[in-house]
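Descriptive analysis of the structure
The primary structure of each chain is shown beneath.
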Amino acid sequence: MKTVSLPLVALCLLCGAHVASATNVEGMPDPFFGFGGYRLIDFPTQPNRTDFLYGVAVTADQRIVTAGTVNVGPGNNSIGVSRLLADGGFDSSFGVGAGYLVVPGSLKEPGAIVQAYALALQSDGKIVVAGSYGSSTTQANEFLVLRMRADGSGVDATFGTNGFVVVPFNLGGDKIDVATSIAIQSDGKIVVAGGARLGATDSDIAVVRLLTNGALDASFDVDGKKTIWFDLGGAGNDNFDVANALTIQPDGKILVAGSATTPTGRDCVVARLASNGSLDATFGNLSSGKSRVAFSSARDDEATAIAFSQSALDSNGTSRRIVIAGSADAWLGGTEFAVAVLTENGQLDSAFSGDGKLTIPFNLSSPTADSANALVIQTGWTSGPFKFPYRKIVLGGGAYSSAVLPHFEYALARLGFDGTLDSTFGTGGKSHFTYDVDADSQPNGVSINGMAVQGNQLVIGGNTNVRRFAAPADADFILGRVLLDD
């Protein structure tokens, strides 16, 4: 493995003094987005709130949809969804007229708490989020899938029960089942993945497929639910397996990625399911349908994003690749961006960085504390009279900086499918920056949790700390945009 080391408002439209390093360089902030290069989304729920963005998507007309968890009171979370115009202005035609919608769990059950961890858009514009549902009666967390109308005017009553679908796995343990990722098939069926607890220290990867009306799909593993276990910890040890990301291949096969406990740490894992929910026997470097990726021996690795890619004009599919991204322990302590490329059958691709794996440190602190949380595949055509298709891997997350007052920064990296960092992106293939959003000029904690391509630009979203004139800090949604291709 090679290691690279290189020298809305009620949506509160807060004014930023400037965007750090705003230029027209690929990978750097777009100063023409939002207000001064970024957009804060501050849901008017309560003072000193903590709102966390987890999903970003771009509509067919280039508007930007976000989803996440908003705090509406002590110990009480709801789902917050917003929509912005293509340039980052808030969309007054969405939600309650200020570009946002808050959906409390009490719409289904008094006292229930809901949280959103993933977002997908249907072809008709309806918004689907996945996360967890905390029942006030059973004291259990279960998979939640919620669908909202395309205009944000409320939940879609034609889906599940008043827009809600709650899926229990009932495997025992603490009954803590959480959906972390979502994708929509070409036929409109909805696939969600996450983890289902068996015990205090045991969990299985859990996958659910729903019909378009929210009913469990009986053609998927008989009852619409599938559990997958890697059991890398061995008998008598912890076996905490969880999925953090999923994607649907063009042929309908389902890829899920996450991590699994080993006796000495955690490794990245990938599983592939056939359309009927069975493990795909044509995939895997560990066993049928399962692959294991270890970036470091006896350390903690985590896959948080996955993508499927095929080069344009490749009719034979020889370029089909599966990309996972996340974090890996660094040899001298801390964590670094981690990315691996697998062939279509689940083997590490030796054409990528020599062994299929790469870690990327940002070196803003010692030890480093860097993690990739999102991944997109950038595709296009070269310029000039003879055009050739290209594809690049773009990673987004956070990098910890110990300079002055310690803080996290947005961090991005772009590289080719050979594992070489792209020198035309940022500085040597990497960029990192933050926004001056504090009224008292304190450093902000930022990290990219979601990304979406918007034309030749990349919308990045996460959360940031906001200290308004020395008041207790809020955590707000924040969106920015960077150039992918000038």
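Residues numbered from 1 in each chain as written. Predicted model: local features only at pLDDT ≥ 70, side-chain atom pairs only at ≥ 80, totals over all residues. Heavy atoms only, no water.

**What to know about unusual backbone geometry**
Following Ser 366, the chain continues to Pro 367 via a peptide bond in cis, the omega torsion being 0 degrees. One can find Pro 367 in the loop between β23 (357–360) and β24 (368–381). Of note, the phi angle at Gln 62 is positive, near 75 degrees, even though the residue is not glycine. You can see Gln 62 is positioned in the loop between β3 (52–58) and β4 (64–73). The class of Gln 62 is partly exposed, set by a relative accessible area of 30%. Look at Asn 170: it is not a glycine, yet its phi comes out positive at around 50 degrees. Mapped onto the elements of the fold, Asn 170 is located in the loop between β10 (164–167) and β11 (177–184). (Helix = DSSP H or I, 4+ residues; strand = E, 2+ residues; numbered from the N terminus. Buried < 20%, exposed > 50% of the residue type's maximum accessible area, 1.4 Å probe, protein only.)

**Things to note about the environment of Val 339**
Note on placement: Val 339 falls in strand β22 (residues 334–343). With relative accessibility at 1%, the residue Val 339 sits in the buried group. For the pair formed by Val 339 and Lys 126, sequence separation is 213 residues and the distance between their alpha carbons is 32 Å.

**Structural notes on the side chain of His 407**
Relative to the helices and strands, His 407 is located in strand β26 (residues 407–415). The class for His 407 is buried, based on a relative accessible area of 12%. A polar contact is formed between the side chain of His 407 and the side chain of Glu 409, at a distance of 3.0 Å. (Polar contact = N/O pair within 3.5 Å; in protein donor to acceptor, adjacent residues only side chain to side chain.)

**Side note on the packing of aromatic side chains**
Note on aromatic pairs: each is described by the distance of the centres and the angle between the planes. By the definition in use, this model includes 10 aromatic pairs. Relative to Tyr 435, the ring of Tyr 38 has its centre 5.2 Å away and its plane inclined at 45 degrees; by these criteria the two rings are tilted. Here the residue Tyr 38 occupies a position in strand β2 (residues 38–41), and Tyr 435 occupies one in the loop between β27 (430–433) and β28 (446–454), the gap between them amounting to 397 residues. There is no split in this pair, since Tyr 38 and Tyr 435 are both buried. When the ring of Phe 43 is compared with that of Phe 477, the centres are 5.1 Å apart and the planes differ by 75 degrees; the resulting orientation is edge-to-face. Separated by 434 residues along the polypeptide, Phe 43 in the loop between β2 and β3 and Phe 477 in strand β30 (residues 474–483) bring together distant segments of the chain. (Phe/Tyr/Trp six-rings, centres within 6.5 Å; stacked < 30°, edge-to-face > 60°.)

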